[in-house]
Amino acid sequence: MRDSGQNFVFRLDHSSGVSVYRQLMDQVLGAVASGRLKPGDQLPTIRKVAVDLAINPNTVSRSYRELEQSGAVDTQHGSGCFISESVGQSNSTASRRLGQLALEAAARAGANGFTVDQLITELRKVELGTNGREQNHASKD
């Protein structure tokens, strides 16, 4: 098992309107998609994330549990949470899903007055982890 995911840092944006547990999930999935987290990488412990972000451990636990249910992570009791070995494997179904996600993202961006080029710019920022929305403010979830 790799442990480079231990260096992965969660950040919260309390003004986003997105629930804390969902932000945590989205950050893991985004890091996997961008290659910052790879299959076998270990996520920070529930306790560490809760302490670092000053949030309820149950919120972190919910995020990790839902990531496990979706197949994105594997939980090994006593060892921790690891990015699933099956994450990122490509197949025709995954390719179709990605195409659908791209169409949905473009449609949502257009409905909100943004161009596809602006969406691509923001996606590149997400890939680099510099999307400007990341803040590490402590508050209750």
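Structure's up top.
Note that the structure is a prediction, hence the values are computed from the model and not measured.

Procedures and definitions
Residues numbered from 1 in each chain as written. Predicted model: local features only at pLDDT ≥ 70, side-chain atom pairs only at ≥ 80, totals over all residues. Heavy atoms only, no water. Phe/Tyr/Trp six-rings, centres within 6.5 Å; stacked < 30°, edge-to-face > 60°. Buried < 20%, exposed > 50% of the residue type's maximum accessible area, 1.4 Å probe, protein only. Lys NZ or Arg CZ within 6 Å of the ring centre and 35° of its normal. Core = buried A, V, L, I, M, F, W, Y, C linked by side-chain atoms within 4.5 Å. Helix = DSSP H or I, 4+ residues; strand = E, 2+ residues; numbered from the N terminus. Polar contact = N/O pair within 3.5 Å; in protein donor to acceptor, adjacent residues only side chain to side chain. Contact = heavy atoms within 4.5 Å. Expected span 1.5 Å × (residues − 1). Axes fitted to C-alpha atoms, helices over the stretch in contact; angles between N-to-C directions. Parallel < 35°, antiparallel > 145°, perpendicular 65-115°, else oblique. Left-handed = near helix turned anticlockwise from the far one by under 90°. Nonpolar A, V, L, I, M, F, W, Y, C, P; charged D, E, K, R; others polar. 1 Å grid on protein atoms, 1.4 Å probe; cavity = no way out; pocket = protein on both sides within 12 Å on 5 of 7 lines; lining within 4 Å. Points joined across faces, edges and corners; volume = space filled by probe spheres on them.

**Student:** A description of the packing of aromatic side chains should follow, citing residues and the corresponding values.
**Tutor:** As enumerated under the stated definition, the model contains one aromatic pair in all. Seen in terms of ring centroids, F8 and F10 are 4.9 Å apart; in terms of plane orientation they differ by 85 degrees. Their pairing is edge-to-face. On the accessibility criterion, F8 (11% relative accessible area) is buried. For the cation-ring pair, R62 lies above Y21, with the distance from its terminal atom to the ring centre recorded as 3.6 Å.

**Student:** Residue-level account of the nonpolar core, with values.
**Tutor:** F10, L24, V28, L37, L43 and Y64 are the most contacted members of the largest nonpolar core, which has 23 residues in total. Elements supplying a minimum of two residues to this core: α1 (20-34), α2 (46-53), α3 (57-69) and β2 (80-83). Considering every element that reaches this core, the biggest residue donor is α1, with seven residues.

**Student:** Can you tell me about the side chain of Q23, naming the residues and giving the values?
**Tutor:** Considering the arrangement of structural elements, one finds Q23 in helix α1. Within the local environment of Q23, its side chain forms a polar contact with the backbone oxygen of V18, the two atoms lying 2.9 Å apart. Once you skip the residues sitting within four places of it in the chain, Q23 turns out to touch R11, L12, D13, S16 and V18.

**Student:** A description of helix α5 (residues 116-128) should follow, citing residues and the corresponding values.
**Tutor:** Helix length check: α5 (13 residues) gives 18 Å between terminal C-alpha atoms against 18 Å at 1.5 Å per residue, within 8%. After α5 finishes, the residue G129 shows a positive phi value of roughly 75 degrees.

**Student:** Pulling in residues and values, what's your account of the packing of α1 against α3?
**Tutor:** Between α1 and α3, whose axes approach to 8 Å, the crossing angle comes to 45 degrees. It follows from the interaxial angle that α1 and α3 lie oblique. As α1 runs across α3, the sense of the crossing is right-handed. Mapping the contact onto sequence places V20, Y21, L24, M25, V28 and L29 in α1 and T59, V60, R62, S63, E66 and L67 in α3. Its residues assigned to classes, the contact of α1 with α3 comprises eight nonpolar, two polar and two charged.

**Student:** Lay out the layout of surface pockets in plain terms, naming residues and giving numbers.
**Tutor:** Quantified by volume, the second largest pocket comes out at close to 210 Å³. In terms of lining residues, the second largest pocket is bounded by L43, P44, T45, I46, S61, Y64, R65, E68, T75, H77, G80 and C81. Those elements that provide at least two residues to the lining of the second largest pocket are α3 and β2. Top element by residues in the lining of the second largest pocket is α3. It accounts for four residues.

Function-wise, these values are silent; they only describe arrangement.
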